[in-house]
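Topology and contacts: notes
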Amino acid sequence: MYVAVKGGERAIENAHAWLAEERRGDATVTELSVVQIREQLSLAVNRVMAEGSLYDPDLAALAIKQARGDLIEAIFLIRAYRTTLPRFGSSEPVDTGSMECDRRISATFKDLPGGQILGPTFDYTHRLLDFKLAADGEVTEAPTRATSATPVPHVTDFLNREGLIEEAPHDDTEPPDLTREPLEMPANRALRLQALTRSDEGFTLGLAYSTQRGYARNHAFVGELRIGAVAVEMDIPELGFSIDIGEVTLTECETVNQFKGSKTEPPQFTRGYGLVFGQSERKAISMALVDRALRWEELGEDNVGAPAQDTEFVLYHADNIQATGFLEHIKLPHYVDFQSELELVRKLRREAGADQVREAAE
Amino acid sequence: MKDTFDERNPRKAWMSLLAKAPEGRVAALLDGHTPRPDFTWLRAPEIGSTMVQARTGGTGAPFNMGEMTVTRCALTLRCGMVGHAYIQGRRKPDAEAAALVDALMQTEAAPEIESAVLAPLAAEAFARKSTRAKKAAATKVDFFTMARGDD
């Protein structure tokens, strides 16, 4: 428990003024603009949108500037802003099959319809610091090549044709929304996916890695990873039809996992699914691995007691704003709590001391 | 590329095009073509959000992904024609311009608005998308098989 304490107003004001000055840094160095952050730190912007659960690159860039680059603080700012917005409605589910792919790779099929498109990736770079970036340098325009009109189907589509992989049959069940109802167990897959797509990247990565190292291992292959823009369509009640209200860039990962079969299901491949705002492939792959691990019950697998199989553990600890809120509150004044603890310890010591004296006397 | 053009509902196509235009572009094209007509607000520009849904595994049951910012407004021209706008982001001036174009597209001015505003917007959107698609195509891997020794 912490209590309201009077006093300290001037100290707080001065602390915030100094914060503003420190945020600005050396005033002889050019100030960063929000647009520069949006354009040049776009992967940080993407992470803040994904975990802030609000797609708006300008706001995410502003939050990063205000938070001095502390991304969890920036996510906190976005989450707080989000609650002030009236909600106009829900979109139709986006169609990732018609994504305009900047990147699309499969680790399971070399020659797949639509091809392997590397896109603007860090993969295959040498991870050596590039000192050219420290100097002002012009960027040469990326090469282009004529496009072909071939469609880029989901990899799982053609595994489905042989019946070798579980299907994700069309379904229009209204999904639960954890921003409207408290997150409660048991959580169905739709609720788990909502929690995972906004979960902390580091936490999700750690859990996903634990499954690879053997804690509920499920032998995941990246069946497909695609990044690109999809249209967002929403029904407009006053018009009586739906329109595209915008476009979002998403990263989608489908894993293909080994499955021996169960009492109800034949041996076939199963799937894990990751879908995240922005270009966020580490997060999307992590999400797919954790999604798959959490599916043990519906697939009739054994619960081996691994952290990544524990829905409650995963979902209640994956949100970095909840976590940081509770963690950081312990640095706020707890004077009264601590006072009573002090009293208790003193009392215990007095009693112990008295006992010792008594023992010595006997 | 998803084709939102629907012959039975051209309004859906132009509203979708207006919603995805870059910041300030609709206003620039509209103002470059004609002085703005008088109008009254039916719903003044308002910023809010839309919950973006997706499907499990791309095709299965829907789930809530997260929200996006949206600006909407509605207005009435002096002739009584009503224009609506729902556009991505927090852009009140752009929503106003989009709603004006939507209203004008339902009047006799439609053909000239079509050629002065919508046609350039569509051409620019196509150019943006095809430039990206061509860059992506340049990163497509062309596999070739190395000859293997038989021994």
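Residues numbered from 1 in each chain as written. Chains lettered and ligands numbered in written order. Predicted model: local features only at pLDDT ≥ 70, side-chain atom pairs only at ≥ 80, totals over all residues. Heavy atoms only, no water.

1. Brief notes about the confidence of the model for chain B
Basically, it comes down to this: For every residue, the predictor reports its confidence as pLDDT, a number between 0 and 100.
Looking at chain B as a whole, the pLDDT averages 91, with 91% of positions reaching at least 70. On the interface metric, ipTM, the complex scores 0.91, and its pTM is 0.91.

2. Concerning the interface of chain A and chain B
Filter applied, for reference: Contacts are residue-level and defined by heavy atoms, with any inter-residue pair within 4.5 Å sufficient. Buried area: the sum, over both parts, of the accessible surface (1.4 Å probe) that disappears when the two are put together. In what follows, salt bridge is the name for a side-chain nitrogen of Lys or Arg lying within 4 Å of a carboxyl oxygen of Asp or Glu. In protein, a polar contact requires one atom able to donate a hydrogen and another able to accept it; more generally it is a pair of N or O atoms within 3.5 Å, and residues adjacent in sequence count only if both atoms are side-chain atoms. Only DSSP runs of H or I reaching four residues or more are called helices, and only runs of E reaching two or more are called strands; each is numbered from the N terminus. Basically, the charged four are Asp, Glu, Lys and Arg, the nonpolar ten are Ala, Val, Leu, Ile, Met, Phe, Trp, Tyr, Cys and Pro, and anything else, Gly included, counts as polar. A pair of strands is treated as paired once DSSP finds two or more bridges between them.
The partner chain B presents 56 residues to the 77 residues of chain A that form the contact. Looking only at chain A, the three residues that lose the most surface to chain B are A:Phe88, A:Arg145 and A:Ile245, adding up to 12% of its buried area. Notably, a salt bridge pairs B:Lys12 with A:Glu233, separated by 3.0 Å at the nearest N-O pair. Inspection of the region where chain A meets chain B yields 35 residue pairs in polar contact (both at pLDDT 80 or more). In terms of residue count, the dominant contributor to the side of chain A that touches chain B is strand E5 (residues 241–257) of chain A (11 residues). For the side of chain A that touches chain B, the per-class residue count stands at 35 nonpolar, 20 polar and 22 charged. In the sheet, strand E1 (residues 54–55) of chain A pairs with strand E2 (residues 62–77) of chain B via 2 bridges, with the strands oriented parallel.

3. Re the packing of aromatic side chains
Applied cut-off: In this analysis, rings of Phe, Tyr and Trp, with Trp reduced to its six-membered ring, are considered paired at centre separations within 6.5 Å, and the interplanar angle assigns stacked below 30 degrees, edge-to-face beyond 60, and tilted for intermediate values. Between buried and exposed lies partly exposed: a residue is buried under 20% and exposed over 50% of the maximum accessible area for its type, with that area taken using a 1.4 Å probe on protein chains only. Counting as a charge over the ring demands two things of the Lys NZ or Arg CZ atom: a distance within 6 Å of the ring centre and an angle within 35 degrees of the ring normal.
Per the counting criterion, the structure on display carries 5 aromatic pairs over all chains. Note on A:Tyr55 and A:Phe277: the rings are 5.3 Å apart at their centroids and 80° apart in plane angle, and the pair reads as edge-to-face. Pair noted here: A:Tyr55 is in strand E1 and A:Phe277 is in strand E6 (residues 270–277), with a separation of 222 residues, a long-range link. Taking the centre distance of 6.4 Å and the plane angle of 85° together, the rings of A:Tyr273 and B:Phe63 count as edge-to-face. In this pair, A:Tyr273 is assigned in strand E6 and B:Phe63 in strand E2, connecting two distinct chains. Judged on exposure class, the residue A:Tyr273 and its partner B:Phe63 are both buried. Its end group placed over the ring of A:Phe88, B:Arg72 keeps NZ or CZ at 3.8 Å from the ring centre.

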